[in-house]
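Residue strings, one per chain:
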Amino acid sequence: MVKPQPKRITSENYLKYYYDIPYEGSTSAGKPLRRLRNIRCPYRGIKIISSDAIKGFEKNLAECKTAEEFVNLLHGYTDFMLPTEKSMYAIFSDFANLNPKDNLQNCLQMICDNCLTRLKLEEFEVLDEVDELSRKLSPSTAIKLREKTTRCRQLILSNSKKDTFKRKEFLSSLEEIQPKENEREIFIEIKTKALFLPTSESSKNAFIVKYCKRKQPEIARRIFIASTASIEHVTPASAGGINSIGNFLLTTANGNRYRENMPLHIYIKRFPEIPTYMQQYIDDVVESIHQGKMQGNETYPYKIKKKLFDESEGRILISLSKYKYSEEDAAEAVKEYEHRWDKYKKNY
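Quick caveat, the model's predicted, so the values are computed rather than measured. (Residues numbered from 1 in each chain as written. Predicted model: local features only at pLDDT ≥ 70, side-chain atom pairs only at ≥ 80, totals over all residues. Heavy atoms only, no water.)

Enquirer: Help me get a handle on the overall build of the chain, residues and values and all.
Expert: What the chain contains, in helices and strands, is 16 helices and two strands. Taking 348 residues into account, the globule formula puts the C-alpha radius of gyration at 20 Å, and the chain, at 22 Å, falls close to it. Considered along the principal axes of its C-alpha atoms, the chain spans approximately 70 × 60 × 35 Å. Evaluated residue by residue, the chain yields a buried proportion of 50% over its 348 residues. In the chain, the share of contacts with a sequence separation of at least 24, taken over all contacts with a separation of at least 6, comes to 71%. For the chain, the accessible area works out to roughly 18,400 Å², and carbon and sulfur atoms hold 50% of it. Counting 58 positive and 48 negative side-chain charges, the chain places the averaged centre of each group 4 Å from the other. (Helix = DSSP H or I, 4+ residues; strand = E, 2+ residues; numbered from the N terminus. Rg over C-alpha atoms; globule rule 2.2 N^0.38 Å. Buried < 20%, exposed > 50% of the residue type's maximum accessible area, 1.4 Å probe, protein only. Contact = heavy atoms within 4.5 Å. Areas by Shrake-Rupley, 256 points an atom, 1.4 Å probe, with all protein chains shown as cover. Lys, Arg positive; Asp, Glu negative; His and termini not counted. Charge placed at Lys NZ, Arg CZ, Asp CG, Glu CD.)

Here is the structure:
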């Protein structure tokens, strides 16, 4: 069933419909973070595009018709782009210089076949690593896993348009395997390794194959939206993570989506710079608090510091040496804010 598209693009439905990221979610606890500006992504290190920019971008996007116009619009956001999106922007820029009146879809279709071949090789590399890990399983469990990966290889090599390899289906199929009690740890490692199958977030080839049949506006949106603000659960909701600001990070939509339900300590193996980026993120948040933002949430740096340490199994150790509040002073500031707020509500 095809998902219906929204009649009108708003900051509330933008991520939901075009990137499948739960931006607003079912809680307002993340609002203090969403109001922040000039924050670096704790996963990828780039500045996050605030939700305020969405409406302006969408308005300008509606006026673009040619490849040259789309490239000129995206040029204003190059400093915010992540590696995959930046490489796509470079491809589109070269194409627009030679074919200014053409469109981005034609650009992708011209190079799609070669990129599909490279994408298949990327997928095989991950499946090879999964199969290698299966050697640590019992023969009966290993055979069940090999059946899954063999089927994937068959689908990848086939040129069938109806029966194709789908990453999500493979990840879901792994849940059908019931490993023995002493195999659970290695099976978690296997499922985590499978998460590294290429996506349009992590692979230029996957991006090109996925979007070669999409229209120009959607392609441009996708490049822009990767760096747009999104609320991330440090402990995933699927793992019992609660909807509380002490469990929230403000990240790029790409960083949020690509992590999926991957344990944070495993995600760090994929991006070893994360501990450094996390410190930059906290420094940015601390600076915002010092500027009078996030009032009533002065304890957030202490809460998120502990959460990150626990979730990363000690790999992320945040310094709060730049923070003017001690933990006790921060708690007192929260109480004072709540008292003023209660007093205000009573008067109005």
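There's plenty left to go through after this.
Enquirer: Describe in detail the layout of surface pockets, supporting the description with residues and values.
Expert: Considering only enclosed or pocket space, the second largest pocket measures out at about 390 Å³ in volume. In terms of residues, the lining of the second largest pocket owes the most to one element, helix H9 (residues 184-194), which gives three residues. Looking at the lining of the second largest pocket residue by residue, the classes come out as eight nonpolar, three polar and four charged. (1 Å grid on protein atoms, 1.4 Å probe; cavity = no way out; pocket = protein on both sides within 12 Å on 5 of 7 lines; lining within 4 Å. Points joined across faces, edges and corners; volume = space filled by probe spheres on them. Nonpolar A, V, L, I, M, F, W, Y, C, P; charged D, E, K, R; others polar.)

Enquirer: Any details on the pattern of salt bridges? Residues and values, ideally.
Expert: All chains considered together, the criterion is met by 21 salt bridges. A salt bridge links Arg153 to Asp128, with the nearest nitrogen and oxygen atoms 2.4 Å apart. Here Arg153, found in helix H7 (residues 139-157), pairs with Asp128, found in helix H6 (residues 104-133); they are 25 residues apart in sequence, far enough to count as distant. The buried category is assigned to Arg153, whose relative accessible area is 19%. Relative accessible area serves as the criterion here: at 42%, Asp128 is assigned to the partly exposed category. For Asp131, the salt bridge goes to Arg146, with nearest N and O atoms at 3.5 Å. Remark: Arg146 occurs in helix H7 and Asp131 occurs in helix H6; sequence separation between them is 15 residues. What you see here is one network of salt bridges that share partners, running through Glu85, Glu201, Arg222 and Arg257. (Salt bridge = Lys/Arg side-chain N within 4 Å of Asp/Glu carboxyl O.)

Enquirer: So what's going on with the nonpolar core? Which residues, and what values?
Expert: Of all hydrophobic cores here, the largest spans 60 residues; its most connected members are Leu33, Leu249, Tyr281, Tyr300 and Leu308. Those residues within four positions of Leu308 in sequence are excluded, and the remaining contacts are Val234, Leu249, Leu264, Met278, Ile316 and Ile318. Core analysis: the next-biggest nonpolar cluster, separate from the first, contains 31 residues, Ala67, Leu73, Tyr77 and Phe92 among them. (Core = buried A, V, L, I, M, F, W, Y, C linked by side-chain atoms within 4.5 Å.)

Enquirer: Just give me the short version of the packing of aromatic side chains, but keep the residues and values in it.
Expert: According to the stated counting rule, one finds ten aromatic pairs in the structure shown. With a centroid separation of 3.9 Å and 5° between ring planes, the pair formed by Phe57 and Phe224 is classed as stacked. One end of the pair, Phe57, is in helix H3 (residues 52-62); the other, Phe224, is in helix H11 (residues 216-225), and 167 residues separate them in sequence. Counting every residue linked through ring pairs, the aromatic cluster contains Tyr43, Tyr258, Tyr267 and Phe271. Its end group placed over the ring of Phe271, Arg270 keeps NZ or CZ at 5.0 Å from the ring centre. (Phe/Tyr/Trp six-rings, centres within 6.5 Å; stacked < 30°, edge-to-face > 60°. Lys NZ or Arg CZ within 6 Å of the ring centre and 35° of its normal.)

Enquirer: Give a detailed account of helix H16 (residues 327-347), specifying residues and quantitative values.
Expert: Helix length check: H16 (21 residues) gives 31 Å between terminal C-alpha atoms against 30 Å at 1.5 Å per residue, within 8%. Contact partners of the buried residues in H16: helix H15 (300-311). (Expected span 1.5 Å × (residues − 1).)

Enquirer: Explain H7 to me, and be specific about the residues and the numbers.
Expert: Every α-helix winds through 3.6 residues per turn, so residues three or four apart in the chain are directed the same way. Taking 1.5 Å per residue, 19 residues should reach 27 Å; H7 reaches 26 Å between its end C-alpha atoms and fits that length. Residues of H7 that are buried include every one of Thr141, Ala142, Leu145, Thr149, Cys152, Arg153, Leu155 and Ile156, and no others. For H7, the angular spread of buried residues about the axis comes to 165°, placing them on one side. Residues of H7 that are exposed and point over 90 degrees away from its buried face: Pro139, Ile143, Glu147 and Leu157. Among the structural elements, H6, helix H8 (167-173) and H9 are those in contact with the buried residues of H7. (Arc of directions from axis to C-beta.)

Function-wise, these values are silent; they only describe arrangement.
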